Amino acid sequence: MKKKNFDMISLGRACIDLNAVEYNRGMEETMTFSKYVGGSPANIAIGSAKLGLNVGFIGKIPDDQHGRFIENYMKKSGIDTSNMILDTEGHKAGLAFTEIKSPEECSILMYREQVADLYLTPNEINEEYLKSAEMLVVSGTALAQSPSREAVLKAVSLAKKNQLKVVFELDYRPYTWKNPAETAVYYSLVAEQADIVIGTRDEYDSMENIVNGTNEATIAYLFQHSPELIVIKHGVEGSYAYTKAGGIYQGKAYKTQVLKTFGAGDSYAAAFLFALNSGKGIEKALKYGSASAAIVVSKHSSSEAMPTVAEIEQLIQEQED
Ligand SMILES: Nc1ncnc2c1ncn2[C@@H]1O[C@H](COP(=O)(O)OP(=O)(O)OP(=O)(O)O)[C@@H](O)[C@H]1O
Ligand SMILES: O=C(O)C[C@@H](O)[C@H](O)C(=O)CO
């Protein structure tokens, strides 16, 4: 059978990160920031492309200097940008300012009013483009508002119709949502249709609208539906992958010199999906995800810091039990 053009199409926001250049202080005292492409789905696309996957992107970007910076960087990273739609209504790029008070205390201040990415419409989802990929990765944040919400639902339904693997990265950002009950409705709707779901324990709690949920209850629920593989991350305590066939795999977090904590989830998803797509198996994919995250939390950015296969392999080897 002919191989499809793209291993992965990622759908959602491509934005700007402005990361504090000065460390160990609050944003009030921070005077300089470095600019990177950001936004979880863009970071996943960039990380996967750097590892060698053929990647396409679906999203909406502003028709201004920030939009052009984003598109150029994505192109330079080897990503197909033909389905990155230019916004014609004056919407802006999302901005994420970060502060790095200490390796344990980092935060992000988001500017996400009237952002172009949430104005992607269902009409802008192209079935022919989706047909050219093996896998569609959608981010939970793209479900936060209409019309982006409906665009995601359409993309997921076309992906299923055309036998793409649907990956749902929960990527829960509370400030983009009106209330937790609404989040739970849309998260469950998409998680039930996905083939692979990836999120932190807290994000699954948001999907289920509960506190202190358990992995056992989550998988019992989701395996009644489409998912074949569920990944649940527990920060420095590592991560678990569960298969519908009953497999349970545990991955450890790797030791690293932490500079900041953000970017961990995106680099994890990029490397996990790369490894899975390359036929390395679930156990190795957990190692790839964790090693990739350990490398990115030791560096300044989320996107530009995405590691190569050689860097990931080296870290895994150095810390093999
Ligand atoms: N301090 C750390 N040191 C080493 N590895 C880490 C650290 N923090 C996270 N990781 C790795 O990254 C993975 C994902 O981290 P986490 O569960 O915090 O994801 P996340 O909340 O989605 O990340 P993000 O902060 O990017 O949203 C973990 O399972 C672990 O392997
Ligand atoms: O996802 C975002 O909108 C911001 C990211 O680009 C940022 O680097 C981060 O939070 C990564 O997890």
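Look up: the structure comes first, before these words.
To keep things clear, this report deals only with the structure shown in the data block. (Residues numbered from 1 in each chain as written. Chains lettered and ligands numbered in written order. Predicted model: local features only at pLDDT ≥ 70, side-chain atom pairs only at ≥ 80, totals over all residues. Heavy atoms only, no water.)

1. So, the pairing of strand β2 (residues 15–20)
So the rule is basically this: Buried, partly exposed and exposed residues are distinguished by accessible area as a fraction of the type maximum, computed with a 1.4 Å probe on protein chains only: under 20%, between the cut-offs, and over 50%, respectively. Each helix is a run of H or I in the DSSP string that is no shorter than four residues. Each strand is a run of E no shorter than two, and both are numbered from the N terminus. Strand pairing requires that DSSP identify at least two bridges connecting the strands.
Of all 6 residues in β2, 6 are buried; the element is thus mostly enclosed. Both β2 and strand β3 (residues 33–38) contribute to a ladder of 6 bridges, which runs antiparallel. For C15, the partnering residue across the bridge sits in β3 and is G38.

2. Let's talk about the sheet that holds strand β6 (residues 95–100)
Here is the rule we go by: Axis definition: a line fitted to C-alpha atoms, limited for helices to the stretch in contact. Angles are taken between N-to-C directions and run from 0 to 180 degrees. Only heavy atoms enter the contact rule, under which two residues are in contact if any of them lie within 4.5 Å.
As summarised here, the arrangement of the 4 strands in space is β3-β2-β6-β7, forming an open sheet in which the pairing is mixed. Lying at the two open borders of the sheet, with one neighbouring strand each, are β3 and β7 (106–111). If you compare each strand with its neighbour and ignore which way they point, the axes differ by 25 degrees on average. Lying over the sheet, helix α2 (residues 65–76) contacts β2 and β3, oriented at roughly 65 degrees with respect to β3.

3. Remarks on the site of ligand 2
Let me state the cut-off plainly: One heavy atom within 4 Å of a molecule or strand makes the whole residue count as near it. Computed with the Shrake-Rupley method and a 1.4 Å probe, the accessible areas treat only the protein chains shown as cover for residues. Amino acids are sorted into nonpolar (Ala, Val, Leu, Ile, Met, Phe, Trp, Tyr, Cys and Pro), charged (Asp, Glu, Lys and Arg) and polar (every other residue, Gly among them).
Taken together, 13 residues are adjacent to ligand 2, and R13, D17, G39, S40 and S302 come closest. When ligand 2 sits alone it has 320 Å² of accessible area, and the protein chains cover 96% of it. Elements supplying a minimum of two residues to the shell around ligand 2: α1 (40–51) and β7. Residue classes in the shell around ligand 2 are distributed as 3 nonpolar, 6 polar and 4 charged.

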